[in-house]
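Each chain, written out:
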Amino acid sequence: MSRKKLVVIGNGMAGVKCVEEINNLEPDMYEIVIYGTEPRPNYNRIMLSKVLQGEHSIQDIIINDWTWYAERNIRLCTGETVQRIDPRTKFIETETGKKETYDILILATGSSPFIPPIPGIDKERVMSFRSIDDCTRMSDYSKEYRKAAVIGGGLLGLEAARGLLHLGMEAVVVHNAPYIMNRQLDYQAAAMLQRELEDQGMSFLLNKNTQKVTGRSQAQGLLFTDGTKLEAQLVIVAVGIRPNVDLARRSGIATHRAVVVDDHMRTSVPDIYAVGECAEHRGISYGLVAPLYEQGKVLARTLCGQEVPGYTGSVPYSQLKVSGVDVFSAGEISGDRMQTAIQHLDGIQGTYKKVLMQAGKVRGAILFGNTVEGTALLGLVQRGADVAELASKEDAPDPAVAAAVALPSQETVCACNNVTKATILKAIQEQGLETEEQVKQQTKASGSCGGCKPMVGALLKHAKRLELDGGVSTSPESGGTKEEPAALPVCHCTEMSQAELKHRVSVILESYEKEADISNVGSGVIPLEDTQINSLLKELNWHSEHGCPACLPAIRYYVCVSGFMQSTAENDVITDLKTDPYGLEAEDLQGKLAQEHHQMVRIYSERNVPSLASNNTASDLETRLRADWKTATMPSEVNIAIAWGSRSPLNVLVSDLGLQASPAGWEIYVGGHAGHPVKEASLLGTTESEQQAFFLASACLQWYRQTAWFDEPLWMWTERLGVMSIRETLLNTQFQRELTFNRAQEREKDVERGTETLFENLIAQVKA
């Protein structure tokens, strides 16, 4: 049977990625022909700045050389620009008159630099920065001229300016916004980046709008709308890109800003598809590698006849090294409804971290100077994860390894090439890989934009530690000598760790919520039949049909704190009393669930001391804590001590949470333990009033509730996260208010559905 002919217009990264995937899936299905305008094979356009800066040669950035095409019987036609498509007779024609028939056609024409309509922009020595030829021209100009202006303070403009510095030229970046990279960074990160680049020799003119390029036939400088001038013998324009859609438009294919495609990358014309920067999906055209590669994979599976859900869009992100500085940005970083969840600035180390949220969900993130957490944060942004998952470990001895350990096994490390943590660790362990370059060669991780390189390096360190420990995951806080409880399987019913189980339950419940009736979603109520434990166990691929006494309480706990099913989780507990797989009597099971599922918050004050009780009544602080936390589902039992002075018989330093009055107000301690092993609590913070003490204590309890593993005592949680990290997180007053607000909403729901009474009756029955 003769093969169908697949013709690809465009030899760029997106089109060839699609061809790679087709070749992997069905290598004999198509006769493949690729047309490319440039006279060379496929190369990594993102790495052009590295060529300009002297870090790589042109050969280093070639993705697929000539032999790659020949070995796969792919006919590559370079130096050919397609000017016409005839959809009726299915053929294309190039500017040189060459014609080619097709059965399937892929438009991968990419984009071109946007050239603003500025007078004089067409003068000699005014150019863009987009191709290998542009690198060559800039290098040639640098041998004769010394002063250059770069119009555009985005990523591409900064990279071009850094390359010009390397070539020995003076580089001035002209930007029309108050700070550089304003689409990816906030003012703080941009200011830190600007200072770093200024130290490297770069200059900046901000809030400048170019009126015209001066000079007769050749560029001599820029004139700005405010009347000021800049002398420059070379002008680089780097203000954005424009999708190449003229060919599609002339051929009768529907276009808006780019070529309009559906979820399977189909255009308005049968048998013609579009992928990459020239494609517009759901009103968005992407200019980043990861989304383009995702599109290519979807299209490849579609053309190979495989079932594929379709492309649904991507979260925009940048994880790159800008002129030698690691910078990461993902999701939404601005907007009226955006709030700051975490913000850390280390002026000594020159690092900055900011995580943004909306309605309690992670929506955006910025990292500067240290981007090792970028992969994990990207996953949170993509999932719209709850802010509870932002448990930080800044006080760990090696933050990079800590982030690598915390990353779930199936989390994607290299979004460009869809390489997971598990794939990288497997390659390192099975093939004895020792360098980042070896990992790149074997897995393609960090082979495109290079942004995931810090995480790849951290995984190499983590793999080495695993090897030294005999394959046992270790806690970075312990210096690599203690087993990390969250990394061990929950029970014999599964290989999942507590961390993986918590994540999987959240993902499954999120899918339940999306499928639920819209009238229920608004109130947070999911139909009960969708929340049966047995159904959940099936989705989790549990080895045991009904689970076991070790895993069922953990699953119920993660259901309760997931944020999706809080209004029905407690009802599930009571429902399950009637269908217990272990044959326990209802009364016995009630006591079991009250003990295992609904861990209690116990508050001790001087009222509990017989010799002092007659002289003491409950304080407002004690009353509020009891009222707010008596029905809360906790990971483990929590003991709170409230002392009215340093001479109190209650020892706040060996309680999970201790509050002690002092002349200046209140001292709040966290992480104490009176049993074996005895642990002395650490100071969490001080407050001036009872109300502030209540808010800080409540925020701590809620943060513990949302981030701890099931059955993890508060003192273990404190050691795992580190008291410095907990303190820094909870002393952020905005995040503190968010946590206490979360608890207030939960308690309001408890009152609405009578859960408080339900549990009071349940506990009363057990005690009776």
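By convention here, each chain's residues receive numbers from 1 onward along its written sequence. Residue-level local features of this predicted model are given only where pLDDT is at least 70; pairs of side-chain atoms are given and counted only at 80 or more, and the full residue set underlies all totals for whole chains, interfaces and linings. Remark: hydrogens and water are excluded; side-chain values derive from all non-hydrogen atoms of the structure.

## Concerning the overall build of the chain
Moving on, step 1. Helix and strand assignments come from DSSP, with helices taken as H or I runs of at least 4 residues and strands as E runs of at least 2, each series counted from the N terminus. When helices and strands are tallied, the chain shows 26 helices and 32 strands.
Moving on, step 2. Burial status follows relative accessibility: with a 1.4 Å probe on protein chains alone, a residue under 20% of its type maximum counts as buried, one over 50% as exposed, and anything between as partly exposed. Per-residue burial over the chain gives 54% buried out of 768 residues.
Moving on, step 3. Note on contacts: a residue pair qualifies if any of its non-hydrogen atoms lie within 4.5 Å across the two residues. Counting only contacts in the chain whose residues sit at least 6 apart along the sequence, the fraction spanning at least 24 positions is 61%.
Moving on, step 4. Carbon and sulfur atoms make up 47% of the accessible area of the chain, which amounts to about 33900 Å² in all. Where accessible areas are quoted, they stem from the Shrake-Rupley method and a 1.4 Å probe; at the residue level, only the protein chains shown are allowed to cover.

## Some details on the packing of aromatic side chains
Moving on, step 1. Any pair of Phe, Tyr and Trp rings, taking the six-membered ring for Trp, is counted once the centres come within 6.5 Å. Such a pair is stacked with planes under 30 degrees apart, edge-to-face with planes over 60 apart, and tilted for the rest. A complete count under the given rule lists 9 aromatic pairs for this structure.
Moving on, step 2. Their ring planes at 75° and their centres at 5.0 Å tell us that W644 and W666 sit as a pair that is edge-to-face. Separated by 22 residues along the polypeptide, W644 in the loop between β29 (638–643) and β30 (657–662) and W666 in strand β31 (residues 665–670) bring together distant segments of the chain.
Moving on, step 3. Assessed through its relative accessible area of 5%, W666 is described here as buried.
Moving on, step 4. An aromatic cluster of three or more residues is present, and its members are Y557, Y558 and F710.
Moving on, step 5. The cationic tip of K17 hangs over the ring face of Y293; the distance from NZ or CZ to the ring centre is 4.9 Å.
Moving on, step 6. Should the NZ of a Lys or the CZ of an Arg lie within 6 Å of a ring centre and within 35 degrees of the ring normal, that charge is described as sitting over the ring. Across the ring face of Y145, the terminal group of R125 is positioned such that the distance to the ring centre comes to 4.4 Å.

## Focus: the nonpolar core
Moving on, step 1. Residues L390, L625, I640, L657, L659, W717 and L730 are the most contacted members of the largest nonpolar core, which totals 53 residues.
Moving on, step 2. Counting residues per element, this core draws most heavily on helix α22 (residues 690–707), which supplies 9 residues.
Moving on, step 3. Non-local contacts of L657, meaning those with residues more than four positions away in its chain, are made with N639, I640, A641, I668, Y669, V670, A697, C700 and L701.
Moving on, step 4. To form a nonpolar core, buried Ala, Val, Leu, Ile, Met, Phe, Trp, Tyr and Cys residues must be joined to one another through side-chain atoms within 4.5 Å. A14, V269, L292 and C304 belong to the second largest nonpolar core, which has 52 residues in total.

## With respect to the pattern of salt bridges
Moving on, step 1. Take a side-chain nitrogen of Lys or Arg and a carboxyl oxygen of Asp or Glu: if they are within 4 Å of each other, that pair is a salt bridge. Here the structure, examined in full by the defined rule, presents 26 salt bridges.
Moving on, step 2. The partner of E71 in a salt bridge is R72, and the shortest N-O contact between them spans 3.6 Å.
Moving on, step 3. Judged by its relative accessible area of 29%, R72 is partly exposed.
Moving on, step 4. Measuring nitrogen to oxygen at the nearest pair gives 2.9 Å for the salt bridge that ties K679 to E719. Placement of K679 in the loop between β31 and β32 (682–687) and of E719 in helix α23 (residues 714–721) is noted, with a sequence separation of 40 residues between them.
Moving on, step 5. Overall, K679 belongs to the partly exposed group, its relative accessible area being 24%.
Moving on, step 6. What makes E719 partly exposed here is its relative accessible area of 34%.
Moving on, step 7. What you see here is one network of salt bridges that share partners, running through K17, E20, E21 and K444.

## Looking at the environment of D103
Moving on, step 1. You can see D103 is positioned in the loop between β6 (99–101) and β7 (104–107).
Moving on, step 2. Measuring from C-alpha to C-alpha, the distance between D103 and L6 comes to 6.1 Å, with 97 residues separating the pair along the chain.
Moving on, step 3. Filtering out sequence-adjacent residues up to four positions away, D103 remains in contact with K4, K5, K90 and D271.
Moving on, step 4. Pairing of N or O atoms within 3.5 Å defines a polar contact, subject to two protein rules: one partner must be a possible hydrogen donor and the other a possible acceptor, and residues neighboring in sequence count only if both atoms are side-chain atoms. At a separation of 2.7 Å, a polar atom in the side chain of D103 contacts the main-chain amide nitrogen of K5.

## Overview of the packing of helix α21 (residues 620–629) against α22
Moving on, step 1. Packing of α21 against α22 brings their axes to within 10 Å, and their N-to-C directions diverge by 25°. One finds that α21 runs roughly parallel with respect to α22. Read as a crossing pair, α21 and α22 show a hand that is right-handed. Residue-level inspection shows D620, L621, R624, L625, D628 and W629 of α21 in contact with α22, the latter providing E690, Q691, A693, F694, F695, A697, S698, L701, Q702 and R705. Whenever a helix is involved, its axis is fitted only over the stretch in contact; in every case the axis is a line through C-alpha atoms, and angles between N-to-C directions fall within 0 to 180 degrees. Roughly parallel means an angle under 35 degrees; roughly antiparallel, over 145; roughly perpendicular, 65 to 115; everything else is oblique. Left-handed describes a crossing whose near helix is turned anticlockwise from the far helix through less than a right angle; right-handed describes the clockwise counterpart.

## Things to note about the sheet that holds strand β5 (residues 91–94)
Moving on, step 1. Read from one edge to the other, the open sheet built from 3 strands follows the order β4-β5-β6, with strand pairing classed as antiparallel. Edge positions in the sheet fall to β4 (82–86) and β6, since each of these pairs with one other strand and no more. Between one strand and the next, the sheet's axes are offset by a mean angle of 20°, whatever the strand orientation. Each pair of strands is called paired provided DSSP finds at least two bridges between the two strands.

## Quick look at unusual backbone geometry
Moving on, step 1. One non-glycine residue, D271, lies in positive phi territory at about 70°.
Moving on, step 2. In this structure D271 comes out as partly exposed when scored by relative accessible area, which is 28%.
Moving on, step 3. Despite not being glycine, A359 shows a phi value in the positive range, around 55°.

## A look at the sheet that holds strand β14 (residues 221–224)
Moving on, step 1. Strand order in this open sheet of 3 strands is β13-β14-β15, and the pairing throughout is antiparallel. With one partner strand each, in any of the chains shown, β13 (210–214) and β15 (229–231) form the two edges of the open sheet. Ignoring which end each strand starts from, the neighbouring axes of this sheet average 20° apart.
Moving on, step 2. With 4 bridges joining them, β13 and β14 adopt antiparallel strand pairing. Bridge assignment links V213 to a residue of β14, and that residue is L222.

## Regarding the confidence of the model for the chain
Moving on, step 1. The predictor attaches a confidence to each residue, called pLDDT, with possible values from 0 through 100. Mean pLDDT for the chain: 81, with 81% of residues reaching 70 or above.
Moving on, step 2. Residue range residues 392–397 is modelled with pLDDT below 50. Its contacts to residues more than four positions away, or to other chains, number 22 contacts.

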